[in-house]
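# Secondary and tertiary structure notes
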Amino acid sequence: MMLAFQTFGALMWRDMAVFIPMWKDRFINAIIWCVLTLLIFEYIMPQAGLANYAVFMCIGTAATVGFFEVTENVSRFIADLEGERSLSYYLTLPLPQWAVFVRIALSNALQALTVAGCFLPISKLLLQSRFPLDAMSYGKFFIIFTLAHLFYGFLSLLIAVQVESLYTMSNVWMRFIYPLWWLGGYQFSWSVLYKVNPYIAYVNLLNPLVWILEGVRASILGQEGYLPFWMCVAVVTLYTAIVGLIGIRLLMRRLDCV
Amino acid sequence: MNKKQLLNICGVTKKFNDGIREIHALKGVSLEIYEGEIFGLLGVNGAGKTTLSSIIATLNPPTTGDITRNGVSIYEDVVAYRRMIGFCPQKPNIDMMLTIEENLWFTGRYFCMSQELIKERVAYLLKRFGLDKYSGSKASILSGGYKQRFLLARTLMHNPQLVILDEPTVGLDPHVRRDIWEVIKSLRNDNVTVLLTTHYLDEAEQLADRVCVLDKGVIRLVDTPENLKNVHGQKNLEDVFVKLVTDCDQPGMC
């Protein structure tokens, strides 16, 4: 068992060794996204009557940037299956085959986390005192942020099962990523939706992104106006477990694993 | 030849569903593989050779049947079993994100080898397979022959007891084939068991201690190449194979 853990560790190490040279590019992408968000919501939208919205949007962006990595993770996975199939090598290594999929999810999570983690410091740097952190709980933020990225990592596996080839990758964007994100509360809090229509708001609680965004905002801006933080943690944990179990099970079936 | 049994394959079947119909790739394959032998698995395309080698490599499970080692199913402790095997698949499944040297280095880590041993093995294998000039290059730049050499080097990195080679010389130039044959022969001297899947009969005749002819998922025979030639009165293994397959194509012959 100990040796299987060592193999698992070596695989994670391999993934990070491959990722580190690419980190600079991903960091630049993160800066571009962050600057654009701030530019629009700090300087342009107030002219349209939407003031004090930049911080809210920055936090939403930080929480969901990892979600957009899901498309890339799925593309990479499918491209490998259609091309070199290096996965088939990893599936013969001395560790249980399910652990190979857990490793893919964890690597995805870790990589997205290192990029998304830059968003808040960059936003704070750019907004200075206009981004108050008085109500922020660093411990809570760490918990929900890590959980969110674990969820994204395992979600990549579940979505990968549904994708037959690279030609159908656009379906991932339009059928999974876009609806979940658009309805997930990136631009509005759950309480705002509740005021508009309580029934839709309750149905929207099925969307895991709602809990992630509410949890991240509650950890930075304070609990008031958002869903209870610990309930967000519980729901995101549950979603991660369910998505992980189903995703790995279906992938093992699709790839005819031992 | 040492006759100690390494693996016992008992009644292995494999069914696939290609979305239209059910395919019976293996129909109750049973055979024994002995320690230190080179065992040739022969058959035409679609005979079930790759399916069987993938099952022995634990990449895919059998539909029914079992593989035992020392009387115990390999699936009881599949992780321990995988530590003793090296699998070289037909299609190069190389990690293209790493250099050749890094690929070998990480293989050593995956099999929990010590740093010193990894260093030693990487240097030896790079030299042995003529890969040293490409050590810092990504695998994507390698030609087919060099990719195959690399796959063999990676397979041997952790000194496996059982090496499963699935069509290791397919599409290679004759001199590269010969070079790979020498490597396979040298494994016999190190008492490594080799399961060699091939449809090149000269290759099997040159290398294998015993051969197994697989046809449409069924074992037609298992014997030494010499015995087969004597029994069937043929000059070479290719003639034996053609005779067997032709006989089996006639109704009531198999």
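Residues numbered from 1 in each chain as written. Chains lettered and ligands numbered in written order. Predicted model: local features only at pLDDT ≥ 70, side-chain atom pairs only at ≥ 80, totals over all residues.

### What to know about the sheet that holds strand β6 (residues 85-88) of chain B
All names here are of chain B. Which entries qualify depends on this criterion: Paired strands, in this sense, are two strands between which DSSP finds at least two bridges. Under the scheme used here, helices are H or I runs from DSSP no shorter than 4 residues and strands are E runs no shorter than 2 residues, and both carry numbers assigned from the N terminus. Interaxial angle, 0 to 180 degrees, is taken between N-to-C directions of lines fitted to C-alpha atoms, where a helix line uses only the stretch in contact. By definition, residues are in contact whenever their C-beta atoms, placed on the basis of the backbone, come within 7 Å of each other.
Strand order in the open sheet formed by six strands is β6-β7-β8-β3-β9-β10, with mixed pairing between adjacent strands. Every interior strand has two partners, whereas the edge strands, β6 and β10 (218-223), have only one. The mean inter-strand angle of the sheet, taken between neighbouring strand axes irrespective of direction, is 15 degrees. Where β6 meets strand β7 (residues 162-166), four bridges bridge the pair, whose relative direction is parallel. Residue pairing in the sheet places G86 in a bridge with V163 of β7. The sheet strands contacting helix α6 (residues 174-189) are β3 (38-42), β7 and β8 (193-198), and the helix crosses β8 at an angle near 150 degrees.

### So, the sheet that holds strand β5 (residues 72-73) of chain B
Sheets are built from strands that pair by backbone hydrogen bonding, the pairs being arranged parallel or antiparallel. Residue and element names in this part refer to chain B. Pairing in this open sheet of four strands is antiparallel, and the strands run β2-β1-β4-β5 from one edge to the other. One side of each edge strand has no neighbouring strand; the edge strands of this open sheet are β2 (22-34) and β5. Each of β1 (5-17), β2 and β4 (64-69) is contacted by helix α1 (residues 49-56), which is oriented at about 60 degrees to β2, the strand it contacts most.

### A word on the interface of chain A and chain B
The criterion, for reference: Residues are grouped as follows: nonpolar covers Ala, Val, Leu, Ile, Met, Phe, Trp, Tyr, Cys and Pro; charged covers Asp, Glu, Lys and Arg; every other residue, Gly included, is treated as polar.
Taken together, the 22 residues of chain A in the interface contact 23 residues of chain B. Among the elements of the structure, α1 (2-44) and α3 (87-90) of chain A are those that each provide at least two residues to the side of chain A that touches chain B. Element by element, the count of residues in the side of chain A that touches chain B is highest for α1 of chain A, at nine residues. A class-by-class count of the residues in the side of chain A that touches chain B yields 13 nonpolar, five polar and four charged.

### A few points about the packing of helix α4 (residues 97-116) of chain A against helix α6 (residues 138-162) of chain A
All names here are of chain A. Spelled out, the test is: Small angles under 35 degrees read as roughly parallel and large ones over 145 as roughly antiparallel, with 65 to 115 read as roughly perpendicular and the rest as oblique. By convention, the crossing between two helices is left-handed when the near helix turns anticlockwise from the far helix through less than a right angle, and right-handed when the turn is clockwise.
Contact pair α4 / α6: the axes reach a minimum separation of 8 Å and the direction vectors enclose 135 degrees. If you check the angle between α4 and α6, you find them oblique. Both α4 and α6 take part in a crossing whose hand is right-handed. Two secondary-structure elements touch here, α4 through F101, I104, A105, L106, N108, A109, A112, L113 and A116 and α6 through T146, H149, L150, Y152, G153, F154, S156 and L157. Within the contact of α4 with α6, the residues separate by chemical class into twelve nonpolar, five polar and no charged.

### Here we look at the environment of L213 of chain A
Residue and element names in this part refer to chain A. The condition is simple: Buried means a residue has 20 or more other C-beta atoms within 10 Å of its own C-beta, exposed means 12 or fewer, and partly exposed covers the counts in between; C-beta atoms are placed from the backbone.
By secondary structure assignment, the location of L213 is in helix α10 (residues 208-221). With 29 C-beta atoms packed within 10 Å, L213 lands in the buried category. For the pair L213 and K140, spaced 73 residues apart in sequence, the C-alpha to C-alpha distance is 13 Å. Those residues in contact with L213 that lie beyond four places of it in its chain are G60, A63, G184, G185 and Y186.

### Examining the nonpolar core
As a reminder, the rule being used: Linking buried Ala, Val, Leu, Ile, Met, Phe, Trp, Tyr and Cys residues through C-beta atoms within 7 Å yields a set, and such a set is a nonpolar core.
Membership of the largest hydrophobic core comes to 133 residues, with the highest contact counts inside it found for A148, F151 and V236 of chain A together with I164, V194, L195 and L196 of chain B. Per-element accounting of this core gives the leading share, 14 residues, to α6 of chain A. The residues contacting I164 of chain B, other than those within four sequence positions of it, are S53, I56, A57, I85, F87, C88 and L195 of chain B.

### Quick notes on the pairing of β10 of chain B
All names here are of chain B. One ladder, built from five bridges, connects strand β9 (residues 210-215) with β10; its direction is antiparallel. Bridged to V213 within β10 is L221. Between β9 and the antiparallel strand that follows it, β10, lie two residues; K216 among them carries a positive phi value of about 50 degrees.

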